Amino acid sequence: MITKTRLFWTTVLLALVSSGAQAALPTSVGGQAVTSLAPLVEAATPAVVNIRVTQVRRNPFGRPGEVGGAGSGVIVDAENGYILTNHHVVGEADEIQVSLIDGRTLDAEIVGSDAGTDIALIKVEADDLTEMPIGDSEDVRVGDFVIAIGNPYGLTHTVTSGIVSAIGRTNISRDGFEDFIQTDASINPGNSGGALVNMSGELIGINSMIFSRSGGNVGIGFAVPTEIASSIMGQILDFGEIRRGLLGVNIQSIDREAAETLDIDVEGGALITRVFPESAAEKAGLEVGDIIVGVNDKKVTGAAELRNTIGLLRSGDKVDIRYLRDNKSRSASAELGRAEDQLLSGADIHPGLAGASFAPASTSSDSGVEVTNVEEGSPAAQRGLRSGDVITAVNRVLVRNLRDLAAIAENNRILFLLVQRGDRSLMLQIR
């Protein structure tokens, strides 16, 4: 017997389906009734691949050995063999093999990879591939039904379902550029790089990580939106590298309490504490003490939001900056510089420097590299680096600019940094 409560909710669900509400299941998928998601799954699954990677490492005795790993990927361009996956799946791989649902195993090569967004693009040479259409992640809403497809624990082409639990998640990982889609669709080790799919069979996210104390699924998974993945793929294909935009400022978050202390009428924003010479910010007329509250059509309530918003744009992009100066609203237009030329993340060059950021020293372009920020509790902080330090040499080699620092760090597991701190010099060992 159907109770009144059950009858009420049955009526509501039928009304949602018939009205086409976005969070409701569609009336049909592939011409079949919504009694099953099988037609959608059958159409989407061939575009998801299993990825196996091999990395050559040396043991403590110097002997080489192979380490294997696994993940997932999504074919987004069948004609050219392009597959989106995670940077952490393939970024350090020496060999990559891709397995298709039809049983074929193909060798793949990395076209480009970006640690900051955890997105990588790989390529295979094959005919008769199936691609997944890329949807607009900007249209995703909390409550939308989704499915996740991947290879958890090596169980190929596993499909799970759930809803979008949240959008715009940040502060999930250190040093990353984040705007995650959160979902309760089961995601486990091996799902990384797989597909988060909407009810139209479109790719809306690349599954990237989970929140878990045990290592297994607890219903909190995160996917990189296709808006970000497509942007990174476009940069890789257009430039052969990532050209991340940079405003050229140091910033701190301003909340309501801090604003009241400064007698500023704002609920939140990013306070500029330094403007780099010849940067996009300086050319746009921004000054120390300005509080940025918006970029283009996005509201900025803190430093993390500004960093993500700017860092996900390309160098050369023009942006409209809304800010406060002397408690008065102002606006400026800026053409973003290139982050790699003006700012370097420690996580991109050495694990022991994660949490620190570096820029050309403010005194002279030939005087070393300045530590512009060190996050509390980060590996860089634990090893003694401080904001304001100037690195003048690494492993007895003179460091004149960011490229010198990156080149030396790339080829050495242990770094000895000669640091100028105020009027004294010191040596720091980084492992």
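Details of the structure are given in the entry above.
Residues numbered from 1 in each chain as written. Predicted model: local features only at pLDDT ≥ 70, side-chain atom pairs only at ≥ 80, totals over all residues. Heavy atoms only, no water.

Caption draft 1: Fine view of the pattern of salt bridges. Per the counting criterion, the structure on display carries 12 salt bridges. Note that Arg338 and Glu241 form a salt bridge whose closest N and O atoms lie 2.7 Å from each other. Of this pair, Arg338 sits in strand E22 (residues 337-338) while Glu241 sits in the loop between helix H4 (226-239) and strand E15 (245-246), and the two are 97 residues apart along the sequence. Connected via shared salt-bridge partners are Glu241, Arg243 and Arg338. (Salt bridge = Lys/Arg side-chain N within 4 Å of Asp/Glu carboxyl O. Helix = DSSP H or I, 4+ residues; strand = E, 2+ residues; numbered from the N terminus.)

Caption draft 2: Seen up close, the nonpolar core. Core analysis: the biggest nonpolar cluster contains 28 residues, and Leu84 and Met132 have the highest contact counts within it. With five residues, H4 is the single largest residue contributor to this core. Beyond its immediate chain neighbours, meaning those up to four positions away, Met132 contacts Ala44, Ala47, Val48, Val74, Ile75, Val76, Ala195, Val197, Gly201, Glu202 and Leu203. (Core = buried A, V, L, I, M, F, W, Y, C linked by side-chain atoms within 4.5 Å. Buried < 20%, exposed > 50% of the residue type's maximum accessible area, 1.4 Å probe, protein only. Contact = heavy atoms within 4.5 Å.)

Caption draft 3: Structural detail: unusual backbone geometry. The phi torsion at Asp128 lies on the positive side, around 55 degrees, for a residue other than glycine. Within the secondary structure, Asp128 is located in the loop between strand E8 (119-124) and strand E9 (145-150). Positive phi outside glycine occurs at Arg396, with the angle close to 70 degrees. Position of Arg396 among the secondary structure elements: in the loop between strand E26 (390-394) and strand E27 (397-398).

Caption draft 4: Expanded view of the packing of aromatic side chains. Under the defined criterion, the tally for this structure stands at one aromatic pair. Between the aromatic rings of Phe180 and Phe222, the centroid separation amounts to 5.8 Å while the plane-to-plane angle is 50 degrees, which identifies the pairing as tilted. Within this pair, whereas Phe180 is found in strand E11 (residues 180-183), its partner Phe222 is found in strand E14 (residues 221-225), the two being separated by 42 residues in sequence. With a relative accessible area of 5%, Phe180 lands in the buried category. (Phe/Tyr/Trp six-rings, centres within 6.5 Å; stacked < 30°, edge-to-face > 60°.)

Caption draft 5: Seen up close, the side chain of Arg244. Considering the arrangement of structural elements, one finds Arg244 in the loop between H4 and E15. Within the local environment of Arg244, its side chain forms a polar contact with the side chain of Asp114, the two groups lying 2.5 Å apart. Among the polar contacts listed, one links the side chain of Arg244 to the backbone oxygen of Gly311, at a separation of 2.9 Å. (Polar contact = N/O pair within 3.5 Å; in protein donor to acceptor, adjacent residues only side chain to side chain.)

Caption draft 6: Spotlight on a negative patch on the surface. The grouping of Asp136, Glu138, Asp139, Glu227 and Asp297 at the surface amounts to a negative patch. Within the secondary structure, Asp139 is located in the loop between E8 and E9. (Patch = residues over 30% accessible without salt bridge, like charges linked within 9 Å, V, L, I, M, F, W, Y side chains within 5 Å. Areas by Shrake-Rupley, 256 points an atom, 1.4 Å probe, with all protein chains shown as cover. Lys, Arg positive; Asp, Glu negative; His and termini not counted. Charge placed at Lys NZ, Arg CZ, Asp CG, Glu CD.)

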